[in-house]
Structure formats: structure tokens, C-alpha cells
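# Structural characterization, general
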Amino acid sequence: MENLEIYSPELYSDVCQLIDGTRSRLASVVNEEVCLMNWLIGKRIKEDVLYSKRAEYGKEIIKNLATQLTERYGKGWSDRKLLHCIRAAYTFTEDEIVYAVRIQLTWTHLRSLMFIDDDLKRSFYLEMAHLEHWDTRTLDRKIDGMLYERTALSRKPKELIRQELDKIKTTHSLTPDAVFRSSYFLDILGLADTYSERDLEDAILLNLQSFIKEMGNDFAFLDRQKRITVDAVDYRIDLLFYHRSLRRLVAIDLKLGKFKPEHEGQMLLYLRYLNKNERKEGEESPIGLILCSEGNTEHIEYLMLEDGDIKVAQYFTQLPDKKILSEKLHRAIAVARENQSKE
């Protein structure tokens, strides 16, 4: 009797794919229904409390409803949960809820977003969470780290911010102003108080995954100390990345101390070389990022707001005081918008 194989790897793989695919689709449907249900619950409670003119009894109404729902459905229907539902109804329209679940955001994502009062800022984080595939912990960390306030996008007039966010939503692709920031937190590198540019570069490569998480998920590492030759003179680019969404090479120059005008001239040479010799068909022109350990506020602001291909930013190897940083960032945003309104 001919021996028959009792194990088929292909059969096993195909069945696993069917099960996993069904589970994934079910999870997506459940997530959509849960998010919409929570929003509708919040909307219904809001209508009852506000339109029935019972706002003064709002807390008691919610508390009693939570008790009744818990008795019937078990855990998960606390008054805190109902307050989140109500806040969602105040924060989002039904269309916004549908859009959020369509791009695979969950109720926990929405719960973090609903506490952002500024609608433009909230839209920024929503699109970033979608495009960079952030889980809720990453989203919370980015909000806490004031990512939006650190972008060039936040410095623009509100109408231009809205237009750029609409473009990101439509194209499903980031823009340079949403990608590059005025400051970067490199505390994850674990550098001592005193270090050299080489120490910084080595630490980045040893912690490349963490560095990319701070820079943005679409950054892909290509090379370090990349040699380029111009008129028989060798130059070296500290770090070379490729940004998948922007479709651009990104040259990064690491500097100790403050930004100096000659740094811009050096970077311009790098970018022209890369544009002529390294740029592939279908790519946009290369872009340069000069990272300095000390901030020249005006230099950084001027170069961030220009539409050119060179960006300047400050990096922190130790986390700055959050209150001081927040005040500095909001002051910079206000000054930038005021200056642009005068143009």
C-alpha cells in the first residue's frame, strides 16, 4: 500500500489564513459597531440631559444609568465609561466616528483624541495615528510629548493648517511640514552629559529603532558617514535616510552647539550632490535636516517656515522640563503666526 502523507503544510497554511482573515474582519466589524454604539449612547444621554433641561441633575442621571446598565450587562458600564461616551458625542460628528473606524482607529484611540480641545490638533493626531499605525500607547506618548506643537505645520495660519490636513487625509501621505519638527527628544540614546558627535552617531545606530520611532515610522536607514566626492574633495554625510511617504532622501547632519550659517552651505552641497547622483526616478528632491544640541530660536524658526529643502532643529539628550518646553513652543507658534500675518 502506497504511503500517504498525513501532514500537508500547504493545507495547514491555507486553513490558518482563512481563520486569521475571518477573525480580522470580525474584529474590524466589532470595533466599528462598538465605536458607533458608544457615540450613539453619548448622543442619547446628551439629548436627554440637555434638551429635557435636566442639566443640574446630570451627574445623578448618569450615575443611576450606570448602575442600571451594570446590573443588566455586567462590568464595563461605569459612570466614567458613560462620561467618555458623552464626551465623544460632544467632540465628534457621526461622520467623523465612521471615518475614524474606517481607518482602523479603535475606541481607545478615540478616547485619547476626545480630550484634545483644538480640532486641528486633534485631526493631526488622528491622521498620524492612521498613517504611522500607532497603537494607543504610542498615541498617548506623542500627545504627551507635544509632537504637534513641535511640527512646522503648527506654526502656520489655521486655514493653511486645515488645507494641509485635508491634503494629508485625501492623499494618505504626509507633507514635510507634518514630518519635520523644531525639536527632537533623544533621551532614549542614554548619552552621558559630555559626548562627541561620533558618540551621538554611534548611539543613534545602536538605538536605531528607537531613533526612528522619534523621527517617524516612515524613515528608513540607508547609510552612515556616506562619502561623497566633489572636485576631488571627500565629504561625509553623517546619516542618510529615505522617507517612504515623502519619497525623498533625507541627509542628517549632527552638530554640537548652536546652528551656524555655514552649516546650511555645507548641507546645500550635500543635497545638490544627492539630487544629481543618488536620486532615483519617481523620487522628490532630497531634503536636509541639521540637528543641533543647542537651539537658536530665530534661526530654527526661519528655516522651519521656509519652503526650502533644509530644516534645522534642536535635539535633547535629556528630557526638558515639560512646562518650560510647552511655554516655549506655544510662544514660538504665536510669534510665527503673527509674523506670517504681517507678510
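Here goes a summary of the coordinates provided.

Parameters and conventions
Residues numbered from 1 in each chain as written. Predicted model: local features only at pLDDT ≥ 70, side-chain atom pairs only at ≥ 80, totals over all residues. Heavy atoms only, no water. Buried < 20%, exposed > 50% of the residue type's maximum accessible area, 1.4 Å probe, protein only. Helix = DSSP H or I, 4+ residues; strand = E, 2+ residues; numbered from the N terminus. Pairing = 2+ DSSP bridges. Axes fitted to C-alpha atoms, helices over the stretch in contact; angles between N-to-C directions. Salt bridge = Lys/Arg side-chain N within 4 Å of Asp/Glu carboxyl O.

### Some details on the pairing of strand β6 (residues 310-316)
Most of β6 sits out of view: seven of its seven residues are buried. Here β6 shows two buried faces, one formed by Ile-310, Val-312, Gln-314 and Phe-316 and the other by Lys-311, Ala-313 and Tyr-315. Relative to β6, strand β1 (residues 183-185) runs parallel, the two being bridged by three bridges. Within β6, the position partnered with Phe-185 by the bridge is Phe-316. Sheet topology places strand β5 (residues 287-292) next to β6; five bridges connect them, and they run parallel. Looking across to β6, one finds that Ile-290 is bridged to Val-312.

### Some words on unusual backbone geometry
We note that Gln-104 has phi near 75°; this positive angle belongs to a residue other than glycine. By the secondary structure assignment, Gln-104 is in the loop between α4 (94-102) and α5 (107-113). Assessed through its relative accessible area of 51%, Gln-104 is described here as exposed. For His-133, which is not glycine, the phi dihedral falls at a positive 55°. Note on placement: His-133 falls in the loop between α6 (119-131) and α7 (136-144). Note on His-133: relative accessible area 68%, which makes it exposed.

### Some words on the sheet that holds β1
Two pairing modes exist for strands in a sheet, parallel and antiparallel, and in both the strands are linked by backbone hydrogen bonds. Here six strands make up an open sheet; going across it, the order is β1-β6-β5-β4-β3-β2 and the pairing mixed. For this open sheet the edge positions go to β1 and β2 (219-230), each flanked by a neighbour on one side alone. With strand direction ignored, the average angle separating the axes of adjacent strands in the sheet is 35°. Bridge analysis of strand β3 (residues 233-243) against strand β4 (residues 248-255) gives five bridges, and the strand direction is antiparallel. Counterpart to Leu-240 in the pairing with β4 is Ala-251.

### Some details on the pattern of salt bridges
If the charged atoms of two oppositely charged side chains come close together, the side chains can form a pair. In this structure the tally under the stated criterion is 19 salt bridges. For Arg-44, the salt bridge goes to Asp-48, with nearest N and O atoms at 3.9 Å. Pair noted here: Arg-44 and Asp-48 are both in helix α1 (residues 9-51), with a separation of four residues, about one helical turn. Within this structure, Arg-198, Glu-201, Asp-202 and Arg-224 form a network of salt bridges that share partners.

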